[in-house]
Amino acid sequence: MTMPEDFGAPKRTSPHTAASGEVSYDTAADAPVEVLDSDLPAEGAVSPDGMGCHAPAEQMAAQARASGNGAVLDQFAKDYPQGPHDRPESMCPAFGSLRVGLRMRRVATVLSGSACCVYGLTFVSHFYGARRSVGYVPFNSETLVTGKLFEDIRDSVHEMADPDRYDAIVVTNLCVPTASGVPLRLLPKEINGVRIIGIDVPGFGIPTHAEAKDVLAGAMLNYARQEVAAGPVPAPKAGRSDRPTVTLLGEMFPADPMMIGAMLAPMGLAAGPVVPTREWRELYAALDCGAVAAIHPFYSAAVREFEAAGRPVVGSAPVGVDGTHNWLAAIGDAMGVNPAQVAAAQNAFIPAIKGALAANPIKGRITLSGYEGSELIVARLLIESGADVAYVGTACAASRWSAHDREWLEARGVAVKFRASLADDLAAADGLDPDLVIGTTPVVQHAKQKGVPALYFTNLISARPLMGPAGAGSLGEVVNAAIAGKARMDKMRDFFEGVGEGDTAGIWEGSPNLRPDFRAQHQKKLDKAARAAKAQEMI
């Protein structure tokens, strides 16, 4: 049999223009489309029940309570009280707990949730440098309702529980399994010497990914505390400190724990582990402390475990002159340190902090917002550097550990907003005429579109040392450089004026197709609907 010369070669179609004016390069648009009767479900399809991950938060929460997870939601409401918005406005909260697990050595992570959610969480985790796989137990409507999903999860952890590879396996229920009441609490507590920890991290119960870190940190501390109560546990690889330690609560720049340790040394103290920890045995050392420093004030579940272990907790952080002076005094009081030793530590470091602040002054008005939980202490450092901070918004809730920072800021005329929404942050950026906007991605984008210099809080601000003398001089260079770029921002704004917004949004090969008649017709429909809704309210 003879073959044509172009057999196997791709068929090429020359571009042609349809009557509508659309340019096409193939005949895909000519393929017949089968239209099903909308009243009849497709064969084998499952009728939607409204309980997908897209369902309203209220409906998901009601279903979770009906499925037996009411106590979990009640604890979340107590630990992480919600604000004006009833759902996360940043990334999926489960990313926080997932990241904590992925950063721990000899800990495996398994997700149970909708495939789209797992895909997104896995992608973001690897984007931020995760170097290990994320486990996933898939499900469908049948396995979810019949309980087979729980059996699949149980089989998976049994298969993974290799003590040569893992100290612990963390299984996380996302929104749909939590709403359906998949009972991770019924998983074995230990398999072949490998600890099994099941947590629920639903977006309808936990407002931010920062607070989701606390969910896993608290669960791990609870497990470790029970192990300590049951008998001897392994010592940390580096051994126990010969001085009383202060456990540091909250993720921070790697240099900060070392700087805090240096400031504690004149008081006869040492810096303990940072919680969330990097390996399981550090949890024992974290509990074996004299006091806990809640550098990030939103770790409610972790604080509960430390208080159950009889450990005092101190809020705020050693940032700037006032912050360092007061924090060292508070730590000394909690640890029963001689006042002379506390004064020695203050005298050793506060002059260096003053010098660093004087050498790196900041001039300009700043609005600051974020979802990391460290926004208030960053604002304190900016103010002591000379900046005029007009607004601080944090997506986290107020707590007794942030009260001192809030009072310090408000005494200096700063508007402090807890559980700040995106609308709050944008209003501050628009209404307070800042020279620099520090915030989350949409806030930074909004400011730059208006020609206002802006910095992303997570990557450019919180990823720097903040504590002691090192922190005092860390923000000046990047902040001043951004403020000095105002003329460049104005030039870019003027150059791109009118591009990529309104009718010119998107990519056009020619002039945009403006249809003011369509817009007017649609506006009439909106006005009619608004009048009908108003009339309904009056009935």
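Scroll up to find the structure.
Residues numbered from 1 in each chain as written. Predicted model: local features only at pLDDT ≥ 70, side-chain atom pairs only at ≥ 80, totals over all residues. Heavy atoms only, no water.

**Q** Quick question: what am I supposed to make of the packing of aromatic side chains here?
**A** Each aromatic ring pair is specified by the distance between its two centres and by the angle formed by the two planes. One pass over the structure, following the stated rule, counts five aromatic pairs. Between Tyr223 and Trp280, the aromatic rings sit 5.7 Å apart at their centres with planes inclined by 85°, giving edge-to-face as the arrangement. Residue Tyr223 is located in helix H8 (residues 209-230), and its partner Trp280 is located in the loop between strand E9 (270-275) and helix H10 (281-287); the two are separated by 57 residues in the primary sequence. Relative to Phe496, the ring of Phe495 lies with its centre 4.9 Å away and its plane at 85°, an arrangement referred to as edge-to-face. Exposure remark for Phe496: the relative accessible area of 47% places this residue in the partly exposed category. (Phe/Tyr/Trp six-rings, centres within 6.5 Å; stacked < 30°, edge-to-face > 60°. Helix = DSSP H or I, 4+ residues; strand = E, 2+ residues; numbered from the N terminus. Buried < 20%, exposed > 50% of the residue type's maximum accessible area, 1.4 Å probe, protein only.)

**Q** For this particular structure, what's the right way to read helix H11 (residues 300-308)?
**A** Within an α-helix, residues lying three or four positions from one another point in the same direction, as the helix has 3.6 residues per turn. Looking only at H11, the buried set comprises Ala301, Ala302, Val303, Glu305 and Phe306. Immediately downstream of H11, the backbone of Gly310 shows phi near 80°, a positive value.

**Q** What is the right way to read a nonpolar patch on the surface from this model?
**A** Where nonpolar side chains cluster on the molecular surface, the patch consists of Tyr119, Phe123, Phe127 and Tyr128 and spans about 510 Å² of accessible area. Accessibility expressed as a relative area gives 32% for Tyr128, which makes it partly exposed. (Patch = residues over 30% accessible without salt bridge, like charges linked within 9 Å, V, L, I, M, F, W, Y side chains within 5 Å. Areas by Shrake-Rupley, 256 points an atom, 1.4 Å probe, with all protein chains shown as cover. Salt bridge = Lys/Arg side-chain N within 4 Å of Asp/Glu carboxyl O.)

**Q** How should I be thinking about the nonpolar core in this particular structure?
**A** Soluble globular proteins tend to pack their nonpolar side chains together in the buried interior. Judged by nonpolar contacts, the single largest core of 76 residues is most densely connected at Ile169, Phe204, Met220, Leu249 and Trp280. The greatest single-element share of this core, amounting to nine residues, is contributed by H8. In this structure Leu249 touches Val275, Val292, Ala293, Ala294, Ile295, His296, Tyr299, Ala302, Val303 and Phe306, once residues within four positions along its chain are discounted. (Core = buried A, V, L, I, M, F, W, Y, C linked by side-chain atoms within 4.5 Å. Contact = heavy atoms within 4.5 Å.)

**Q** Whenever I open this one, the pairing of strand E12 (residues 365-370) confuses me. Can you help?
**A** Note on strand geometry: in a regular strand, side chains alternate between the two faces of the sheet. Most of E12 is tucked away, with five of its six residues classed as buried. Where E12 and strand E13 (residues 388-394) come together, six bridges link them in parallel fashion. Each bridged residue has a counterpart across the sheet, and for Leu368 the counterpart in E13 is Val392. Between E12 and its parallel partner E13, the chain crosses via helix H14 (residues 375-384), and the hand of that crossover is right-handed. In terms of strand pairing, E12 meets strand E15 (residues 436-439) through three bridges, oriented parallel. Bridge assignment links Ile366 to a residue of E15, and that residue is Leu436. (Pairing = 2+ DSSP bridges. Right-handed = clockwise from strand over helix to strand, strands pointing away.)

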